[in-house]
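# Structure assessment
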Amino acid sequence: MDTIDKDKLWNCIEMLCRIRKIEWTPAQVAGKTEDGKDIMTFSYPNYPSELYEVFQLMEPDYQYVENMKSWPKGLPVTDMSAEQIRTKLTALHRGERFCDGTIAAAVETGQLLKLLLRLDDLLMEKE
């Protein structure tokens, strides 16, 4: 937790306060197959580039799946430790790879902002 840049954390918090909705690119025809059928591209979230700074605040938790299994069911953000926040941030970031919109949902529900605010609280307690 000593390696977290507090200015960068607050920049991320301020950025998340400004974002209310993530825009999605529309699905569209990208071309035709040899037999004349449409080739479609799927809709995907168009994230602001600065959003990825959130996931660089802490080193990733490479054991995030195993670590999350040990958590109490329904663990509220207000009870999370810095390590649990690191695990959750890793899970969200990795989850986007397998399911477009994972990060968008965390932004739009306020979950990502709550995680960073909790992290800030933990840093303030440590001072």
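Residues numbered from 1 in each chain as written. Predicted model: local features only at pLDDT ≥ 70, side-chain atom pairs only at ≥ 80, totals over all residues. Heavy atoms only, no water.

What follows is about the pattern of salt bridges. Per the stated rule, a full pass over the model turns up 4 salt bridges. A salt bridge links Asp38 to Lys32; the shortest N-O distance between them is 2.5 Å. According to the relative accessible area criterion, Asp38 is partly exposed, its value standing at 41%. For the salt bridge of Asp61 with Arg86, the shortest nitrogen-to-oxygen distance reads 3.9 Å. Here Asp61 is found in the loop between β4 (44-45) and α2 (64-69), whereas its partner Arg86 is found in helix α3 (residues 82-98), with 25 residues between them in sequence. Its relative accessible area of 3% is what places Asp61 among the buried residues. For Arg86, a relative accessible area of 18% puts it in the buried group. (Salt bridge = Lys/Arg side-chain N within 4 Å of Asp/Glu carboxyl O. Buried < 20%, exposed > 50% of the residue type's maximum accessible area, 1.4 Å probe, protein only. Helix = DSSP H or I, 4+ residues; strand = E, 2+ residues; numbered from the N terminus.)

Right, let's get into the nonpolar core. Within the largest apolar cluster, 33 residues are counted, with the highest numbers of intra-cluster contacts made by Leu16, Leu51, Val54, Leu89, Leu112 and Leu116. Where this core is concerned, the elements lending two or more residues are α1 (6-18), α3, α4 (102-108) and α5 (111-126). Broken down by element, this core gets its largest block of residues, 7 residues, from α5. Those residues in contact with Leu112, other than ones at most four positions away along the chain, are Leu16, Leu51, Val54, Phe55, Leu89, Leu92, Ala106 and Val107. (Core = buried A, V, L, I, M, F, W, Y, C linked by side-chain atoms within 4.5 Å. Contact = heavy atoms within 4.5 Å.)

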